[in-house]
Amino acid sequence: MGRTGGFLEFDRKDPGYRPKADRIKDFHAVEKSFSPVELHEQAARCMHCGIPFCHGTGCPLGNMIPEFNDLAYRGKWREALDILLSTSSFPEFTSRVCPALCEASCVLELSNGQPVAIRQIEKAIIEKGFERGYIQPNPPQERTGWSIAVSGSGPAGLAVADTLNKMGHTVTVFDEAQKPGGILRYGIPDFKLEKWVVDRRIKLMEAEGVLFEMGVTVGVDISHHYLEGRFGAICLTGGARTPRSLNIPGNGLNGVHFAMDYLICQNQLLCGETVPPEKNISAEGKSVVVIGGGDTGSDCVGTANRQGATSVTQLEIMPKPPEERTESMPWPEWPLKLKTTSSHEEGAWRLWQVSATEFGGDEVGNLASVHCVEIDASFDGGRPNFIPKKGTEFEMEAQLVLLAMGFVGPTANPMFDDLEIAWTPTGGIDTDDRHMTSASGVFSAGDMASGQSLVVHVMADARRAAFDIDAWLKRD
Ligand SMILES: Cc1cc2nc3c(=O)[nH]c(=O)nc-3n(C[C@H](O)[C@H](O)[C@H](O)COP(=O)(O)OP(=O)(O)OC[C@H]3O[C@@H](n4cnc5c(N)ncnc54)[C@H](O)[C@@H]3O)c2cc1C
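Residues numbered from 1 in each chain as written. Predicted model: local features only at pLDDT ≥ 70, side-chain atom pairs only at ≥ 80, totals over all residues. Heavy atoms only, no water.

Draft legend 1. The sheet that holds strand β8 (residues 311-316), seen in detail. What the five strands build is an open sheet, ordered β6-β14-β7-β8-β9; its pairing is parallel. Each having just a single partner strand, β6 (256-258) and β9 (349-352) make up the two edges of the open sheet. Going from strand to strand, the sheet's axes swing by 20° on average, the running direction of each strand aside. Those strands touched by helix α15 (residues 259-270) are β6 and β14 (400-403), and its axis lies near 80° from that of β6. Of the strands in this sheet, β7 (287-291), β8 and β14 touch helix α16 (residues 295-307), which is tilted by about 175° from β8. (Pairing = 2+ DSSP bridges. Helix = DSSP H or I, 4+ residues; strand = E, 2+ residues; numbered from the N terminus. Axes fitted to C-alpha atoms, helices over the stretch in contact; angles between N-to-C directions. Contact = heavy atoms within 4.5 Å.)

Draft legend 2. Quick look at the domain arrangement of the protein chain. In terms of domains, the protein chain is made up of domain 1 (6-18 + 32-131), domain 2 (147-241 + 408-473) and domain 3 (245-405). Each of domain 1 and domain 2 has a C-alpha centre, and the two are 29 Å apart. Summing both partners gives a buried area of about 1,800 Å² for domain 1 against domain 2, and 72% of it is carried by carbon and sulfur. Contact with domain 2 buries surface across domain 1, with Phe-90, Phe-93 and Val-97 losing the most and accounting together for 35% of the total. Where domain 1 meets domain 2, there are two salt bridges. Inspection of the domain 1/domain 2 interface yields five residue pairs in polar contact (both at pLDDT 80 or more). For the side of domain 1 that touches domain 2, the secondary-structure elements that each account for two or more residues are α7 (91-97) and α10 (118-131). A total of six residues in the side of domain 1 that touches domain 2 trace back to one element, the largest contributor, which is α7. Along the lines of polarity and charge, the residues of the side of domain 1 that touches domain 2 split into 11 nonpolar, five polar and three charged. (Domains from an automatic or database assignment. Buried area = accessible area lost by both parts, 1.4 Å probe. Salt bridge = Lys/Arg side-chain N within 4 Å of Asp/Glu carboxyl O. Polar contact = N/O pair within 3.5 Å; in protein donor to acceptor, adjacent residues only side chain to side chain. Nonpolar A, V, L, I, M, F, W, Y, C, P; charged D, E, K, R; others polar.)

Draft legend 3. Structural detail: the site of the ligand. Neighbouring the ligand are 35 residues; Val-97, Asp-175, Lys-192, Val-218 and Val-455 lie closest to it. Within the contact set of the ligand, an oxygen atom lies 2.9 Å away from a side-chain nitrogen or oxygen of Lys-192. With respect to the ligand, the side chain of Asn-413 contributes an N or O atom lying 3.2 Å from a nitrogen atom. Compared with its free state, where it exposes 1,000 Å², the ligand has 96% of that area covered by protein. Of all the elements in the fold, those that place two or more residues in the shell around the ligand are α11 (155-166), β2 (170-175), α15, α16 and α20 (455-473). In terms of residue class, the shell around the ligand is built from 14 nonpolar, 15 polar and six charged. Two domains each put at least three residues into the shell around the ligand: domain 2 (147-241 + 408-473) and domain 3 (245-405). (Near = heavy atom within 4 Å. Areas by Shrake-Rupley, 256 points an atom, 1.4 Å probe, with all protein chains shown as cover.)

Draft legend 4. Region of the structure containing the nonpolar core. One finds Phe-68, Phe-93, Ile-121, Ile-125, Val-160, Leu-193 and Ile-469 to be the most contacted residues of the largest nonpolar core, which totals 72 residues. Among the elements that line this core, the one with the most residues is α20, at 11 residues. The residue makeup of this core includes at least three contributed by each of domain 1 (6-18 + 32-131) and domain 2 (147-241 + 408-473). Sequence-distant contacts of Phe-68, defined by excluding residues within four places in its chain, comprise Asn-63, Ala-80, Ile-83, Leu-84, Ile-118, Ile-121, Glu-122 and Ile-125. (Core = buried A, V, L, I, M, F, W, Y, C linked by side-chain atoms within 4.5 Å. Buried < 20%, exposed > 50% of the residue type's maximum accessible area, 1.4 Å probe, protein only.)

Draft legend 5. Looking closely at the packing of α10 against helix α13 (residues 195-207). Two numbers describe how α10 lies on α13: the axes approach to 13 Å, and their chain directions differ by 55°. Considered as vectors, α10 and α13 are oriented oblique to each other. Seen from above, α10 lies across α13 with left-handed handedness. On α13, the residues touching Ile-126, Glu-127 and Phe-130 of α10 are Trp-196, Arg-200, Arg-201 and Leu-204. By residue class, the composition of the contact of α10 with α13 is four nonpolar, no polar and three charged. (Parallel < 35°, antiparallel > 145°, perpendicular 65-115°, else oblique. Left-handed = near helix turned anticlockwise from the far one by under 90°.)

Draft legend 6. View of the sheet that holds strand β4 (residues 233-236). A sheet is described by the order of its strands in space; here five strands give the open sequence β3-β2-β1-β4-β16, paired in parallel fashion. Pairing within the sheet leaves two strands with one partner each, and these edge strands are β3 (211-214) and β16 (442-444). For this sheet, the mean inter-axis angle between neighbouring strands, taken without regard to orientation, is 20°. As defined by bridge partners, β2 adjoins β3 across four bridges and the pair is classed as parallel. Note that in β3 the partner of Thr-172 across the bridge is Leu-211.

Draft legend 7. Region of interest: the pattern of salt bridges. Using the criterion set out here, one finds 25 salt bridges in the structure. Close ionic contact of Arg-18 with Asp-26 constitutes a salt bridge, the shortest N to O distance being 2.6 Å. One salt bridge in this structure joins Asp-470 and Lys-474, with 3.0 Å as the shortest N-O distance. Through salt bridges that share partners, Arg-23, Arg-306, Glu-345 and Glu-346 make up one connected network.

Draft legend 8. Here's a closer look at the packing of aromatic side chains. What the rule picks out here adds up to six aromatic pairs. Ring geometry for Phe-174 against Phe-231: centres 6.0 Å apart, planes inclined by 90°, an arrangement best described as edge-to-face. Here the residue Phe-174 occupies a position in strand β2, and Phe-231 occupies one in the loop between α14 (224-230) and β4, the gap between them amounting to 57 residues. Note on Phe-174: relative accessible area 2%, which makes it buried. Judged by its relative accessible area of 8%, Phe-231 is buried. Ring centres of Phe-443 and Trp-472 lie 5.7 Å apart, and the angle between their planes is 70°; on these two criteria the pair is classed as edge-to-face. Of this pair, Phe-443 sits in strand β16 while Trp-472 sits in helix α20, and the two are 29 residues apart along the sequence. Accessibility assignment for this pair places Phe-443 and Trp-472 in one class, buried. A cation over a ring is seen here: Lys-128 above Trp-77, with NZ or CZ 4.8 Å from the ring centre. (Phe/Tyr/Trp six-rings, centres within 6.5 Å; stacked < 30°, edge-to-face > 60°. Lys NZ or Arg CZ within 6 Å of the ring centre and 35° of its normal.)

And the structure:
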């Protein structure tokens with residue numbers, strides 16, 4: 001292990017963010033990185049526990065965290081990289097956007113509330129790997145002769161493709177978007193994940209032989225019959241992008257938009273893509289109300305402030321979470337604590353237990369206000385019960401409303417009916433324990449099967465799906 005008693009010598013540190021006044025003026029990444037000394041000290045804090053909960057309970061990928069922490073502490077970057085890449089396809093993504101489930105289950109979180117800064121150590125290892133040229137295109141020596149079609153180039157599709165390609169299969173990734181990456185590129189803002197990071201990985205995958213066909217909607221531009229004729233297996237990784245809507249009066253007014261339409265637009269502009277005027281949504285000079293208190297909502301807050309919104313308010317119907325763990329969220333479980341992101345710090349009025357009841361408009365159909373009411377929330381066997389509190393109605397000025405209330409499932413596609421795809425009760429594509437859908441030879445992974453999740457979860461699921469596809473192709 002690294003340094004005996006290192007956790008007693010050094011407190012946990014975070015590299016922090018760029019100053020608010022600077023970062024708000026641009027879309028560049030807000031989070032800083034550790035200096036070499038800080039990194040050394042932070043890696044020294046790992047206790048190399050007998051039972052590493054970070055690895056076994058926290059990280060869905062099963063990353064070998066104590067091992068790479070130790071190697072990072074000793075400056076053995078190449079070895080640390082090999083260990084990291086043995087379980088993770090794209091550490092450069094998770095080390096930037098993962099909420100770090102591993103840190104919540106670190107034994108130091110239990111003992112002094114200061115877990116090892118694992119996500120930052122992961123970032124240092126992968127970035128050193130690129131900087132020092134350890135990561136070079138490494139195409140398979142031999143091809144198996146099997147071809148696989150992957151529909152959707154988000155983190156799930158990329159991880160399936162990368163894993164199958166490394167096994168020697170020939171993989172073609174189709175996506176209806178102009179550029180690969182899914183939500184990594186078009187949902188998550190640059191201030192969390194700059195797009196050169198996505199481009200760097202795509203370039204590497206292309207150099208290793210993965211083929212990308214962009215601007216192709218599978219099931220519309222090309223049929224599943226075409227894919228079945230050309231490929232030995234198909235993997236559907238189209239995500240779960242159908243947003244939950246808010247059916248209240250006025251939801252058709254100009255200025256009421258789904259969060260993803262708004263985030264996609266800003267990301268397309270930053271990528272240099274053309275956005276038609278009817279799809280160009282800007283918060284500049286507007287009072288913005290974001291409905292939904294989760295991460296997508298937080299990304300809207302950060303984007304709106306950068307675009308020059310005059311005010312940003314984020315509404316959440318659920319009660320304000322506690323600031324610390326409670327008895328109902330014991331270590332090493334992921335704690336549903338209050339999350340204050342860099343975007344919130346930049347300026348947002350956050351309201352809990354509030355529901356929008358109506359959108360008010362002006363005489364030409366533009367949004368002018370949001371009518372709200374405070375909510376009494378009770379829980380019946382875990383199911384929330386929301387009761388409006390009489391006499392608490394209020395109204396807020398708004399020219400832009402962004403609906404960020406989650407997603408209900410995959411985007412409708414005629415192919416699903418043609419293939420007679422079976423669905424889960426929660427609206428995802430149903431798969432068996434081999435990731436195969438109800439259609440033989442058609443697999444699914446990521447959000448499309450699980451519902452909206454986290455990059456680390458979809459990557460873990462997709463890697464397993466790749467092994468299942470490989471086993472199915474090689475069946476007797
Ligand atoms: C705004 C936002 C912010 C988020 N922030 C974080 C975060 O900070 N950290 C984190 O861990 N997770 C975050 N998540 C969740 C995470 O991004 C998703 O769980 C993850 O991207 C899902 O990956 P996926 O590959 O399954 O789907 P997606 O990323 O949605 O990719 C699906 C791809 O399939 C394509 N597609 C769909 N249908 C077709 C078709 N018929 N033909 C061709 N292509 C098709 C789409 O164009 C898209 O490129 C965020 C989600 C959102 C919405």
